[in-house]
Amino acid sequence: MVRFLKLLAFVAAFGVVSLASAHPGGHFMPAGPPVSEDGMRNRAPEMLAKLVEVGKLDASWKGAALKTLEQKTVGEEGSGWVVSFFNATEKDKAKQTAYLFFTLSGELVGANFKGL
């Protein structure tokens, strides 16, 4: 019974914290202050390396060149950074450019080969 009450208290506390971090409209606010363009030039390659490290991207992406870095607004999702990398060693031309999507505060929220 004590374990159940502890679990119930934990779940209730987590729910309150989740609600406190949201704002009207149901979207969560960025976790920190906006990252500058120079900050993203440093952060994006680090995140690309992590995607390689966890097996989401092939090892050939480890040294891929930063191609573009833009701040964009996308529909209701708001603003964020879109960073692309080019991998000339990739044989499939449709997969030579990888796009990484970040919040303004620099959190990685997605990646693909198609862009927006």
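Residues numbered from 1 in each chain as written. Predicted model: local features only at pLDDT ≥ 70, side-chain atom pairs only at ≥ 80, totals over all residues. Heavy atoms only, no water.

Student: What's the story with the nonpolar core in this structure? I'm lost.
Tutor: The nonpolar side chains of soluble globular proteins are, as a tendency, buried together. If you look at the biggest cluster of nonpolar residues, it comprises 16 residues, and the most contacted ones within it are Met40, Trp61, Val83, Phe85, Leu100 and Phe102. In terms of residues, this core owes the most to one element, helix α2 (residues 37–53), which gives six residues. Non-local contacts of Phe102, meaning those with residues more than four positions away in its chain, are made with Met40, Arg43, Ala44, Met47, Gly80, Trp81, Val83, Glu107, Leu108 and Val109. (Core = buried A, V, L, I, M, F, W, Y, C linked by side-chain atoms within 4.5 Å. Buried < 20%, exposed > 50% of the residue type's maximum accessible area, 1.4 Å probe, protein only. Helix = DSSP H or I, 4+ residues; strand = E, 2+ residues; numbered from the N terminus. Contact = heavy atoms within 4.5 Å.)

Student: Help me understand the pattern of salt bridges in this model?
Tutor: Evaluated as defined, the whole model comprises two salt bridges. Between Arg41 and Glu37 there is a salt bridge, with its nearest N and O atoms 3.0 Å apart. Of this pair, Arg41 and Glu37 both sit in helix α2, four residues apart, roughly one helical turn. Salt-bridge contacts for Glu70 lead to Lys72; the nearest nitrogen and oxygen are separated by 3.8 Å. Here Glu70 falls in the partly exposed class, since its relative accessible area comes to 35%. (Salt bridge = Lys/Arg side-chain N within 4 Å of Asp/Glu carboxyl O.)

Student: What is the right way to read the side chain of Ser105 from this model?
Tutor: Along the chain, Ser105 turns up in the loop between β3 (97–103) and β4 (108–112). For Ser105, a relative accessible area of 14% translates into the label buried. A polar side-chain atom of Ser105 sits 3.0 Å from a polar atom in the side chain of Thr103. Looking at Ser105, its side chain comes within polar contact range of the side chain of Glu107, at 3.3 Å. (Polar contact = N/O pair within 3.5 Å; in protein donor to acceptor, adjacent residues only side chain to side chain.)

Student: Looking at this model, I keep getting lost on the packing of aromatic side chains. Mind explaining?
Tutor: Throughout the structure, instances matching the rule amount to one aromatic pair. Centre to centre, the rings of Trp61 and Phe113 are 6.0 Å apart; their planes meet at 40°, and the pair counts as tilted. In this pair, Trp61 sits in the loop between α2 and β1 (65–74) while Phe113 sits in the segment after β4, placing the two residues 52 residues apart along the sequence. Among the residues examined, Trp61 registers a relative accessible area of 1% and is labelled buried. For Phe113, a relative accessible area of 29% puts it in the partly exposed group. (Phe/Tyr/Trp six-rings, centres within 6.5 Å; stacked < 30°, edge-to-face > 60°.)

Read these as spatial facts, not as claims about activity.
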